[in-house]
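# A look at the structure
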Amino acid sequence: PVPLRLRGERLLDVIPASGGAKFPAYETYVRVIRQGRVGMVLLQTVISKPSENIVVRPNDQIFLTRVPRTFSVMGATQKVSQYTFDTEKVSLAEAIARAGGPIDTIGNPGGIFLFRFEPWFIAKDVLGEQAKVVGVSKVDGEPPPFVPILYRLGMRDAEGYFLAQAVQMRDKDVVLVTNAETTQLQKLLAVVRSFT
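Residues numbered from 1 in each chain as written. Predicted model: local features only at pLDDT ≥ 70, side-chain atom pairs only at ≥ 80, totals over all residues. Heavy atoms only, no water.

## Some thoughts on the side chain of threonine 70
With respect to the helices, strands and loops of the structure, threonine 70 is situated in strand β4 (residues 70-75). Within the structure, the side chain of threonine 70 is placed 3.1 Å from the side chain of glutamine 82, a separation counted as a polar contact. Apart from residues lying up to four places away in sequence, threonine 70 is in contact with Gln82, Tyr83, Thr84, Phe85, Arg170, Asp171, Lys172 and Asp173. (Helix = DSSP H or I, 4+ residues; strand = E, 2+ residues; numbered from the N terminus. Polar contact = N/O pair within 3.5 Å; in protein donor to acceptor, adjacent residues only side chain to side chain. Contact = heavy atoms within 4.5 Å.)

## So, the packing of aromatic side chains
Between two aromatic rings, the relevant description is the distance of the centres plus the angle of the planes. Taken as a whole and assessed by the stated rule, the structure comprises two aromatic pairs. For the ring pair phenylalanine 71 and tyrosine 83, a centre distance of 5.6 Å and an interplane angle of 20 degrees mean the geometry is stacked. Here tyrosine 83 lies in strand β5 (residues 81-84) and phenylalanine 71 lies in strand β4, a separation of 12 residues in the sequence. The same class applies to phenylalanine 71 and to tyrosine 83, which are both buried. One aromatic cluster in this structure is built from Phe71, Tyr83 and Phe85. The ring of phenylalanine 85 has arginine 69 sitting right over it, with the charged end atom 4.1 Å from the ring centre. (Phe/Tyr/Trp six-rings, centres within 6.5 Å; stacked < 30°, edge-to-face > 60°. Buried < 20%, exposed > 50% of the residue type's maximum accessible area, 1.4 Å probe, protein only. Lys NZ or Arg CZ within 6 Å of the ring centre and 35° of its normal.)

## Digging into the sheet that holds strand β1 (residues 28-34)
The strand order β2-β1-β3 describes an open sheet built from three strands, whose pairing is antiparallel. The outermost strands of the open sheet, each flanked by one partner alone, are β2 (37-42) and β3 (61-66). Looking at each pair of strands side by side, their axes are set apart by 20 degrees on average, direction ignored. Across six bridges, β1 lies against β3 in antiparallel orientation. Paired with valine 32 across the bridge in β3 is isoleucine 62. (Pairing = 2+ DSSP bridges. Axes fitted to C-alpha atoms, helices over the stretch in contact; angles between N-to-C directions.)

## Some details on the sheet that holds strand β8 (residues 173-179)
Pairing within the open sheet is mixed, and its five strands lie in the order β5-β4-β8-β6-β7. At either end of the open sheet lies a strand with only one pairing partner, and these are β5 and β7 (146-153). Across this sheet, the average inter-strand angle for adjacent strands is 20 degrees, counted without regard to direction. Here helix α4 (residues 120-127) sits on the sheet in contact with β6 (107-119) and β7, set at roughly 135 degrees to β6.

The following block contains the structure:
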């Protein structure tokens, strides 16, 4: 319990008074239960947006929950794994670098894909007229909350590297580094070589 004074303590007053968050703000969620209603926001958002730093009322219950954000890198990389953010923001270039980048002999820097669930209104804008073709239209008058989108990035030239630095990873994103076109031929030659 945290005693409240008449001046009107806010979330960022009450949280430190009760011992503070044990984990970084970018992976800690603040849940406020007030008169049967529940609101939840990332602690980093409370810090960066003053409008989210609400006034605490008597009998509010406040919970801090750690939810580490992760992304996965798969395919022809040095280390296929799931990674935690470990910082507030991670760019696509940093995500690929954490996995060791494409393997020189089999990786295809021109074929890097980002799998992401986008909110419906963003997916509709990204796909444009294709939205109707791939079924991203409203169903029974209601749009789907999220739509799976696949982005392709080529890192064979400088433009791809600058774009990879500008794209920010989101929780549960998946990056796929594809195999080079010659990989299948190399596998076939390895099999033939083993027989000869």
